[in-house]
Amino acid sequence: MNNYLEELNEAQRDAVVNTEGPSLVIAGAGSGKTRVLTYRIAHLLKNGVPPSSILALTFTNKAAREMKERIAKIVGSQTARYLWMGTFHSIFARILRSEAEIIGYPSSFTIYDTQDTKSLLKTIIKSMKLDDKTYKPGLVYNRISAAKNNLITPTAYLQNTQIREADQASRMPRLAEVYKEYARRCKNASAMDFDDLLLQTNLLFKNHEEILAKYQQRFKYILVDEYQDTNFSQYLIVKKLALGHENICVVGDDAQSIYSFRGAKIENILNFRKDYPEFNTYKLEQNYRSTQTIVDAANSLIEKNKRQLPKRVFSENAEGEKIQVIGALTDNEEGYLVANEIIDTRMNHQHRFADFAILYRTNAQSRIFEEALRKRNIPYKIYGGLSFYQRKEIKDLLAYYRLAINVKDDEAFKRVINYPARGIGNTTMGRLETYAVQNNQSIWEIASNPDECQTAGLNAGTQRKVAEFIHMIEGFASQLTSMEAYELALQIASESGMLKEFYKDKTPENLSRYENVQELLNAIQDFSLNAKEEGRPNQLNNFMEEVALLTDQDTDKEEDFDKVTLMTVHSSKGLEFKNVFIVGLEENLFPSGFSGTLTGAELEEERRLFYVALTRAEENAWLSFAKQRYRWGNLEFCNPSRFIGEIDEQFLNLKSGGLQAHLPRRESVPPAKEEATTRRSPMGIRSQQGNEHLGKRLTRMNEANRQNAAAFAGSDPEEIQAGMFVEHQRFGRGKVIAIEGTMPDRKAKVFFPNAGEKHLLLKFAKLKIVE
DNA sequence: GCTGATGGCGTTTTT
DNA sequence: CGCCATCAGC
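Here's what I pulled together on the structure shown here. Each chain has its residues counted from 1, following the order in which its sequence is written. The order in which chains are written sets their letters, starting at A; the order in which ligands are written sets their numbers, starting at 1. At least 70 in pLDDT is required for a residue's local features to be given in this predicted model, at least 80 for side-chain atom pairs to be given and counted, and no such filter applies to totals for whole chains, interfaces and linings, which use all residues. Only hydrogens and water are removed before side-chain values are computed, so all heavy atoms of the structure are retained for them.

What follows covers the packing of helix H6 (residues 114-127) against helix H10 (residues 175-188). Following both chains from N to C, one finds H6 and H10 inclined at 120 degrees, their axes separated by 10 Å at the closest point. In terms of orientation, H6 and H10 fall into the oblique class. Seen along the crossing, H6 lies across H10 with a hand that is right-handed. Contact residues: H6 offers Thr117, Leu120, Leu121, Thr123, Ile124, Ile125 and Ser127, while H10 offers Val178, Glu181, Tyr182, Arg185 and Cys186. All residues other than Ala, Val, Leu, Ile, Met, Phe, Trp, Tyr, Cys, Pro, Asp, Glu, Lys and Arg, Gly among them, are scored as polar; the first ten of these are nonpolar and the last four charged. Grouping the constituent residues of the contact of H6 with H10 by class yields seven nonpolar, three polar and two charged. Comment: axis = line fitted to C-alpha atoms, over the contacting stretch for helices; angle = value between 0 and 180 degrees taken between N-to-C directions. Elements are defined by DSSP. Helices are runs of H or I of four residues or more, strands are runs of E of two residues or more, and each kind is numbered from the N terminus. Relative orientations are named as follows: roughly parallel for angles under 35 degrees, roughly antiparallel for angles over 145 degrees, roughly perpendicular for angles from 65 to 115 degrees, and oblique for any other angle. Left-handed describes a crossing whose near helix is turned anticlockwise from the far helix by less than a right angle; the clockwise case is right-handed. Any two residues having at least one pair of non-hydrogen atoms within 4.5 Å are treated as being in contact.

Put into structure tokens, the structure is as follows:
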């Protein structure tokens, strides 16, 4: 064991060696948070604390794995193995499986992923004869998820007037019933969704004191990473468990709370002192990652946060280069500029491609940069998007495994009953499911019983086909305990007929599907061999327990060696690159899901300047203006369409804070063009004229909208057509038509061409320049 | 059931 | 635009 304490600065060392009692470690970005966590655990182990009494919770598998590896390096893998270290979900799934009986679940319960959940919700919504355009499965899921994460059970939901009112307001008055039905069906299917893993753990601890006591006893030391990202459900579990010994150490940074949209409660970290009055605070304030300039820039934004834990992040690194702001007239140009910059910087500084990252807000924005990089032969890798385990063929095969392990798993049943095709269509499935729901049973329980099939109304031929399928699955199920994972997995893949499907015709898609399935089988083989070596059980259900909570952010392939990284700003949290481009900032100009009412003045207030050049003349004025060289603040806009300058205070002090896009203000608009000063246009504007990229739908809707717009504004349709449709962002929604002549306090129609006839009524206007 | 036309709509993400 | 859901029509 090396002398790890010497590798720490004073603050870090304090946080590592003071292991007793409640500790709050506030860890600024790049301040060595992971190092402190791992060393703290190593320190505990070194001082004779048994690994099995340490519980360390993270948010991602990746974080857990990395930490475990680092600890293993210090204390040896034999010791590290017995740590209770993993994601909230995996740890509590493990506990739930071993306590399943007492809460009425089999220990082999299925974990429904997002897709399963949504598809089940959709079925429920349909069967309740509700409109799935009002009750959108995704939206319903969010509501139910939020309820669960606040520990609101269906019964409590029904009685909660506040929630009921909110449901009324969003025109989903029957949401409570949907929730209840959803919970019922999950139970019948012996399934839990992700939120259930936490909710059920809470219920388990609440209703069974002796079990809570057992785990309180067991976990003498509890550590939580990214505490600012915990939701209420997670918070409460931790709080209950910590009551035992109060040796709880939470690590986080209120300034890095970026997941409130998925239920993270920053209050959990802000209120730590209330829960544990006797706590110690450790502040990690020295940033080892970034230059002073960058730390200063970040601080100038963070200081605008209203509630925060006082800290002063500083860097002793060199001041470093200025932050550059580069503007582009179009998205294509933006891609081109970034690609060029990468090539230049790489040459001039001998950087590797892997030293570059391109960050954007949404995954959909990657395309333009992919194209630009490909054109310049720059290798890149993309994070996000469809993960391996979400591919259809993988989900299909996994569904067979799931069904074999838990035959009540209705979502798996529905997935594979007719894949490959067995002549069991929607009608049959509909009958089985309806009957099952009526009888409070899983589909399997009906389908596997000939009498029930008869009653459900299946004809003899269909009954035979269903029976064959049941027989096949029973065959798989019967071998679960006798065969090891890989053998059985392979057998199921082949006997289910799935492998044959890919041979039907040799399309590239089929080849790729086949390869993916092979990759899954290889993974199972690896799992099986490793498990055997380490003396753990190596059956298919053991593999499936792990896989349900796995995503493939983890799989770093060898071939990903020297490549530019493309990912969302969110997923870059905690990573380091020498060169970072934050692109597509103008996307923020348009609030998505935009449908409220705003006055022109409010828009001005919001600094969301999504206005359009209305007429042909005005548009031309803008375009010629954009090609000129001009200055705004410290930013110099260069010919033809780019500006490079230093980031300045004005930029950073933007009221809305964060990564809001910022646009030239009035002084940048040439005074010569008086017309143009009354309206602004963001960079990245693309007009309909001469723009062959406009979508087909826009073309289709064009005429109708033009007429509508003209009628509303009382203008000549020809005139309006000229600059009417301007694409402000890459989402179709962003195509805005503003109506000439409307003043800030007047209502105006804003047309979203894609929304077809139902245009939105907004108070919206020509933006008045207020200085 | 499969296919192509049509329409709708588009955050951030982990488990 | 690009993906997905739906539906008419075979």
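Our next topic: the packing of aromatic side chains. Think of it this way: a Phe, Tyr or Trp ring, Trp meaning its six-membered ring, pairs with another when their centres are within 6.5 Å, and the plane angle makes it stacked under 30 degrees, edge-to-face over 60, tilted otherwise. Counted according to the given criterion, the structure contains 14 aromatic pairs. Plain terms: the ring middles of Tyr157 and Tyr179 are 5.4 Å apart, the flat faces sit at 80 degrees to each other, and that makes the pair edge-to-face. Note that Tyr157 is positioned in helix H8 (residues 154-159) and Tyr179 in helix H10, a separation of 22 residues in sequence. Of the two residues, Tyr157 and Tyr179, both sit in the buried class. Three or more aromatic residues joined by ring pairs make a cluster, and in this case those are Trp84, Phe205, Tyr215 and Phe219. Over a ring means this: the NZ of a Lys or the CZ of an Arg is within 6 Å of the ring centre and within 35 degrees of the ring normal. Lying over the aromatic face of Phe109, Arg97 brings its terminal NZ or CZ to 4.2 Å of the ring centre. A 1.4 Å probe rolled over the protein chains alone gives each residue an accessible area, and that area as a share of the maximum for its type sets the label: buried under 20%, exposed over 50%, partly exposed in between.

Below, the discussion takes up the sheet that holds strand E2 (residues 54-58). Ordered in space as E3-E2-E6-E7-E1-E8, the six strands form an open sheet in which the pairing is parallel. Among the strands making up the open sheet, the edge pair consists of strand E3 (84-87) and strand E8 (280-284). Ignoring which end each strand starts from, the neighbouring axes of this sheet average 15 degrees apart. Any two strands are treated as partners once DSSP identifies two or more bridges connecting them. Pairing analysis gives three bridges linking strand E6 (residues 221-224) to strand E7 (residues 248-252), with the strands arranged parallel. In the sheet register, Val224 faces E7, and the bridge partner there is Val250. Sitting on the sheet, helix H1 (residues 10-17) is in contact with strand E1 (23-27) and E8, with an inclination near 145 degrees to E8. Where helix H5 (residues 88-99) meets the sheet, its contacts fall on E2, E3 and E6, and the angle it forms with E3 comes to roughly 120 degrees.

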